[in-house]
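# Structural overview
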Amino acid sequence: MIRTNGLSKAFQSVEVLKNIDLQVAANEIVILLGPSGSGKSTLLRCLNGLEEPSAGSVELNGIRIEPAMTKKQKLSNFREIRRQTGMVFQQFNLYPHKTALGNVIESLLVVKKMAKAEAVKTGEQLLERVGLADKRDAYPSRLSGGQQQRVAIARALAMKPAVMLFDEPTSALDPELVGEVLDVMRQLAKEGMTMVVVTHEMKFARQAANRIVFMDGGVIVEEGSPERFFTEPQTERARKFLNQLG
Ligand code: ADP
Ligand code: MG
């Protein structure tokens, strides 16, 4: 579903991602771990077409981006990749002047040009899926952080993405609200969604991941099953990372 080949990303002259070869199969849950500044967010942004590789290629569901392409080809492929990826950020960024339902159906109306009645029906089903059917008409300011993040997940699902990317989706939440968001993510995983998740929730990582990818300094340092990563990390850097978590 996802394949990067020798993916590198530099900002000015600083290489933030170096020669990343990552593959994610359909239905797989890959959890990206690593210290702050290791390049996790930049990698997700390359996967969903928000950043252009400096070298190497990114491929999502058969659509490729590589430096050799013409600008026009790239633009068209970027657009298609963005359409096929749902991204959920630490900050939910809901439209404050739209209701929960309004937020979820915005892309259906604007991008898919779906008829209002059909969009509303789809939106209600999506809110149901994240356990918020009763919050349909609530504005974000009246929702808890956990509820807002679940609306953000429903909004990302609206475009029927091939892959869902999560960048620290629970890091801005009060501890008691983390569980409800992780539950929705577990549910998605169970339904077979392909997911790449950056998180600091180690218990979730251990339970939900099919594979852990550990990054440090812009490279993939090690990857493997959660059992192996958490019980017998293969590298000194991974051991240090796990020890610092306490
Ligand atoms: P992580 O998500 O693992 O904390 P990031 O991908 O956010 O790491 O950042 C990796 C490195 O890239 C950091 O040193 C960060 O300062 C740098 N970086 C990220 N985005 C930019 C940017 N737009 N311009 C310059 N440097 C950036
Ligand atoms: Mg980050």
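The structure reproduced in this document is the subject of the present report.

Rules used in this analysis
Every chain is numbered on its own, with residues counted from 1 as its sequence reads. Each chain is given a letter, starting from A, and each ligand a number, starting from 1, according to the order in which they appear as written. Totals for whole chains, interfaces and linings use all residues, but because this is a predicted model, local features are given only for residues with pLDDT of at least 70 and pairs of side-chain atoms are given and counted only at 80 or more. Note that water and hydrogens are dropped before the side-chain values are worked out from all heavy atoms of the structure. Partly exposed residues are those whose accessible area sits between 20% and 50% of the maximum for their type, while under 20% is buried and over 50% is exposed, using a 1.4 Å probe and protein chains only. Secondary structure elements are defined from DSSP: runs of H or I of at least 4 residues count as helices, runs of E of at least 2 residues count as strands, and each element is numbered from the N terminus. Two strands are counted as paired when DSSP detects at least two bridges linking them. The nearness test applies per residue and asks whether one of its heavy atoms lies within 4 Å of the molecule or strand. Counting of polar contacts relies on pairs of N or O atoms within 3.5 Å, with two restrictions inside protein: one atom must be capable of donating a hydrogen and the other of accepting it, and residues adjacent in sequence are counted only when both atoms are side-chain atoms. Exposure was quantified through the Shrake-Rupley algorithm and a 1.4 Å probe, taking into account, for residues, occlusion by the shown protein chains and nothing else.

## Some words on the pairing of strand β9 (residues 211–216)
- The buried fraction of β9 is high, at six of six residues.
- In β9, alternate side chains face the same way, and those of R211, V213 and M215 on one face and I212, F214 and D216 on the other are all buried.
- Pairing of strand β3 (residues 29–33) with β9 involves four bridges; the strand directions are parallel. Opposite L32, over in β9, you have V213 as the bridge partner.
- In sequence, β9 turns back onto strand β10 (residues 219–224) through a hairpin of two residues, with G217 there showing a positive phi of about 60°.

## With respect to unusual backbone geometry
- Positive phi outside glycine occurs at N27, with the angle close to 75°.
- Mapped onto the elements, N27 comes out in the loop between β2 (14–24) and β3.
- We note that K113 has phi near 55°; this positive angle belongs to a residue other than glycine.
- Inspection of the secondary structure assignment puts K113 in the loop between α3 (100–110) and α4 (116–129).

## Details of the site of ligand 1
- Around ligand 1 sit F11, V16, P35, S36, G37, S38, G39, K40, S41 and T42, and those are all the residues in its vicinity.
- Within the backbone of S38, a nitrogen or oxygen atom sits 3.2 Å from an oxygen atom of ligand 1.
- The side chain of K40 places a nitrogen or oxygen atom 2.8 Å from an oxygen atom of ligand 1.
- When ligand 1 sits alone it has 570 Å² of accessible area, and the protein chains cover 56% of it.
- With three residues, the top contributor of residues to the shell around ligand 1 is helix α1 (residues 40–47).

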